[in-house]
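# Structure assessment
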Amino acid sequence: MMELNKIDHEIQRILNVTRLSTLDEMKNDFTVEEKSGRKDLVTAIDKSNEKMLVSVIRQLDPEARILGEEGFGDQIDDMHGHVWFVDPIDGTMNFVMQKNRFAIMIALYVDGKPQLGYILDVMQNILYHGGPEMGVYARSAGMVDRRIKRPDNVSLDNSLIGISGPLLINDDYNMKKIAQTSRGPRMYGSAGLEFASVIKGELSGYVSYLKPWDFAAGNVLANELGLAVKTIDGAPLDMLSSNVVLVATEQASEEVIKLAN
């Protein structure tokens, strides 16, 4: 555990450095490119953030492999040993269009098991972090860590639920019925911030098509708090595959999966 404590301290430090660098770079013009289409963006800041984070992780954990969204890590086809996930800007569309509501996320898995997770709300300067046996914490600027308690096991019909825009618009997996059953749907445009809202009990669940770096950090924190994280058909997550992912209270998870299938 001493090694993990050292790693945890250093990751928190580099996240703060990356946040300050991001805020500084936002003051200037930066390039924005399309990846798969006009709704899938990448910026020069995404790339510089990932390079910085990957470099620090390589120094900190030399034998580890890293899966980064922008491709500056490694090609990974198994979860043996130390595997890190890096999302340098989660919610890039929000970042470009609003300059708000985006996160930086990092996660560590050891032999496939979640160990450390970090979701940094950049503009609010709130870090959600933790892991097995450590608990889950939130820390705002200048404040000490506040431990997050396990959310109440609320039902879908007595709560709000996060649903990604495309799933709801296309009514994939009966999402309109799921939204109607809840007290209302919410769309934040950032997987990390949606996971944080479920962790805090603001939402009973969140469902979206996600890639591994989108859900790796949130999965660590959600697991520690007793939340269910599964694919929309109720199967366990494959940490190296993209899928429609649901994080929710046990009760809401069962209800959503039943309605979706």
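In this report, the structure presented in the accompanying data block is examined. (Residues numbered from 1 in each chain as written. Predicted model: local features only at pLDDT ≥ 70, side-chain atom pairs only at ≥ 80, totals over all residues. Heavy atoms only, no water.)

## Describing helix α6 (residues 191-199)
We count it as follows: Exposure is judged per residue with a 1.4 Å probe applied to protein chains only, and the accessible area is read against the type maximum: over 50% gives exposed, under 20% gives buried, and values in between give partly exposed. The helix count covers DSSP runs of H or I at least four residues long, the strand count covers runs of E at least two residues long, and both are numbered beginning at the N terminus.
A large share of α6 lies buried, amounting to nine of its nine residues. Residues Ala191, Gly192, Leu193, Glu194, Phe195, Ala196, Ser197, Val198 and Ile199 constitute the buried set of α6. Two residues or fewer past α6, Gly201 is found with a positive phi of approximately 85°.

## Observations regarding the packing of aromatic side chains
This is how it is decided: Pairing of aromatic rings covers Phe, Tyr and the six-membered ring of Trp, with a centre-to-centre limit of 6.5 Å; geometry is then stacked below 30 degrees between planes, edge-to-face above 60, and tilted otherwise.
Enumeration according to the criterion identifies four aromatic pairs in this entry. Between Phe95 and Phe102, the ring centres sit 4.8 Å apart and the planes meet at 70°, which makes this aromatic pair edge-to-face. Across the pair, Phe102 and Phe95 agree in class, each one buried. A centroid spacing of 6.1 Å and a plane angle of 75° characterise the contact between Phe195 and Tyr206, whose relative ring orientation is edge-to-face. In this pair, Phe195 is assigned in helix α6 and Tyr206 in strand β12 (residues 205-210), connecting sequence segments eleven residues apart. Tyr206 matches Phe195 in its accessibility class, with the two residues each being buried. In this structure an aromatic cluster arises from ring pairing among Phe30, Phe95 and Phe102.

## So, the nonpolar core
For the record, the criterion: Each nonpolar core is a collection of buried residues, namely Ala, Val, Leu, Ile, Met, Phe, Trp, Tyr and Cys, held together in the definition by side-chain atoms within 4.5 Å. What makes two residues a contact is simply this: any of their non-hydrogen atoms within 4.5 Å.
One finds Phe85, Tyr109, Ile119, Tyr128 and Val247 to be the most contacted residues of the largest nonpolar core, which totals 38 residues. If you list the elements that add at least two residues to this core, you get β4 (82-90), β5 (103-110), β7 (126-131), β8 (135-140), α6, β12, α7 (212-224) and β14 (243-248). The contacts of Tyr109, once residues within four sequence positions are left out, are Met79, Gly81, His82, Val83, Phe85, Pro114, Gln115, Ala216, Asn219, Val220 and Met239. Formed by 30 residues, the second largest nonpolar core is a distinct cluster that contains Ile11, Ile57, Val86 and Val122.

## Some details on the pairing of strand β2 (residues 40-43)
Sheet faces and side chains relate simply in a regular strand, where the side chains alternate between the two faces. Defined as follows: Being paired, for any two strands, means DSSP has found at least two bridges between them.
For strand β1 (residues 32-37) and β2, the ladder comprises four bridges, and the chain directions are antiparallel. Bridge assignment links Glu33 to a residue of β2, and that residue is Val42. Between β1 and β2, which follow one another and run antiparallel, lie two residues.

## Things to note about the pattern of salt bridges
Our working rule: Each reported salt bridge corresponds to a side-chain nitrogen of Lys or Arg within 4 Å of a carboxyl oxygen of Asp or Glu.
All told, the structure shown has nine salt bridges when counted by the stated rule. Between Asp24 and Lys27 there is a salt bridge, and its shortest N-O distance comes to 3.8 Å. For Glu33, the salt bridge identified is with Lys47, shortest N-O distance 3.5 Å. Residue Glu33 is found in strand β1, and its partner Lys47 is found in helix α2 (residues 44-60); the two are separated by 14 residues along the sequence. Several salt bridges converge on common partners, so that one network encompasses Lys35, Glu69 and Glu70.

## Overview of the sheet that holds strand β10 (residues 160-163)
Formally: An axis is simply a line fitted to the C-alpha atoms; with a helix, the fit covers only the stretch in contact. Between two such axes, the angle follows the N-to-C directions and lies from 0 to 180 degrees.
Strand order in the open sheet formed by five strands is β11-β10-β12-β14-β13, and the pairing between neighbours is mixed. Of all the strands in the sheet, just β11 (184-186) and β13 (228-231) have a single pairing partner and so form its edges. Mean inter-strand twist for the sheet, computed between neighbouring axes without regard to direction, equals 20°. Of the pairings in the sheet, the one linking β10 to β11 comprises three bridges and is parallel in character. Of the residues in β11, the one forming a bridge with Gly162 is Arg186. Across the sheet, α6 is in contact with β10, β11, β12 and β14; its angle to β12 comes to roughly 155°.

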